[in-house]
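# Results of the structural survey
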Amino acid sequence: VVSARQGLLFVTAWDGLHALVLSTGVEVYHVFKAIQSDVDETERFTLGTGNERLRLLALSPVLVPTGGKELVVFASGPFLYGIDAATGVEEWQLQNLQDF
């Protein structure tokens, strides 16, 4: 997702959220969010092991204008995060989302 106001491109990957300068691709910040689990790495990402719901979700982020600023909202595992688009500071976190 792109923020014209910030001139940034926001991309999610296995290791969280990356904010890149739209014109150059230079990374401005990285918000690391990954699953904390004792489940084996192979099982965590393999369907049919019974641990599919623990897999990291790297969905496309959404840009939400709120209170005079923009929040980047994205999911990682069973968590939903709201990150200040300009600074990369976590504003909020929802956890224990059932049926995510």
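All of the points below concern the structure found in this document. (Residues numbered from 1 in each chain as written. Predicted model: local features only at pLDDT ≥ 70, side-chain atom pairs only at ≥ 80, totals over all residues. Heavy atoms only, no water.)

Following the sequence through the fold, Asp-84 ends up in strand 7 (residues 79–84). Judged by relative accessible area, which is 8%, Asp-84 ranks as buried. Residue contacts for Asp-84: discarding those within four places in its chain leaves Tyr-29, Lys-69, Glu-70, Leu-71, Val-89 and Glu-91. (Helix = DSSP H or I, 4+ residues; strand = E, 2+ residues; numbered from the N terminus. Buried < 20%, exposed > 50% of the residue type's maximum accessible area, 1.4 Å probe, protein only. Contact = heavy atoms within 4.5 Å.)

What follows is about the pattern of salt bridges. With the rule as written, the count across this model stands at 2 salt bridges. Glu-91 serves as the salt-bridge partner of Lys-69, at 3.2 Å between the closest nitrogen and oxygen. One end of the pair, Lys-69, is in strand 6 (residues 69–76); the other, Glu-91, is in strand 8 (residues 90–94), and 22 residues separate them in sequence. What makes Lys-69 partly exposed here is its relative accessible area of 31%. Each of Lys-69, Asp-84 and Glu-91 takes part in a single network of salt bridges with overlapping partners. (Salt bridge = Lys/Arg side-chain N within 4 Å of Asp/Glu carboxyl O.)

Let us now look at the sheet that holds strand 5 (residues 62–66). Strand order in the open sheet formed by 4 strands is 5-6-7-8, with antiparallel pairing between adjacent strands. The open sheet is flanked by strand 5 and strand 8, the only strands paired with a single partner. When the angles between neighbouring strand axes are averaged without regard to direction, this sheet yields 25°. Sheet topology places strand 7 next to strand 8; 4 bridges connect them, and they run antiparallel. What sits directly across from Tyr-81, in strand 8, is Gln-93. (Pairing = 2+ DSSP bridges. Axes fitted to C-alpha atoms, helices over the stretch in contact; angles between N-to-C directions.)

Of all 8 residues in strand 6, 7 are buried; the element is thus mostly enclosed. Pairing of strand 5 with strand 6, which is carried by 5 bridges, proceeds in the antiparallel orientation. Paired with Val-62 across the bridge in strand 6 is Val-73. Counted between consecutive antiparallel strands, the loop separating strand 5 from strand 6 contains 2 residues, among which Gly-67 sits at a positive phi close to 55°. Here 6 bridges tie strand 6 to strand 7, and the two strands are oriented antiparallel to one another.

Moving on to the environment of Val-89. Within the fold, Val-89 resides in the loop between strand 7 and strand 8. Val-89 sits 18 residues away from Leu-71 along the chain, and the two C-alpha atoms are 9.6 Å apart. Apart from residues no more than four positions distant in its own chain, Val-89 is found in contact with Gly-82, Ile-83 and Asp-84.

Scanning the entire structure with this criterion turns up 3 aromatic pairs. Seen in terms of ring centroids, Phe-10 and Tyr-29 are 6.5 Å apart; in terms of plane orientation they differ by 45°. Their pairing is tilted. With a gap of 19 residues between them, Phe-10 in strand 2 (residues 8–13) and Tyr-29 in strand 4 (residues 27–32) connect regions that are remote in the sequence. Following the ring pairs from residue to residue traces out a cluster consisting of Phe-74, Phe-79 and Tyr-81. (Phe/Tyr/Trp six-rings, centres within 6.5 Å; stacked < 30°, edge-to-face > 60°.)

Spatial relationships are all this shows, so hold off on functional conclusions.
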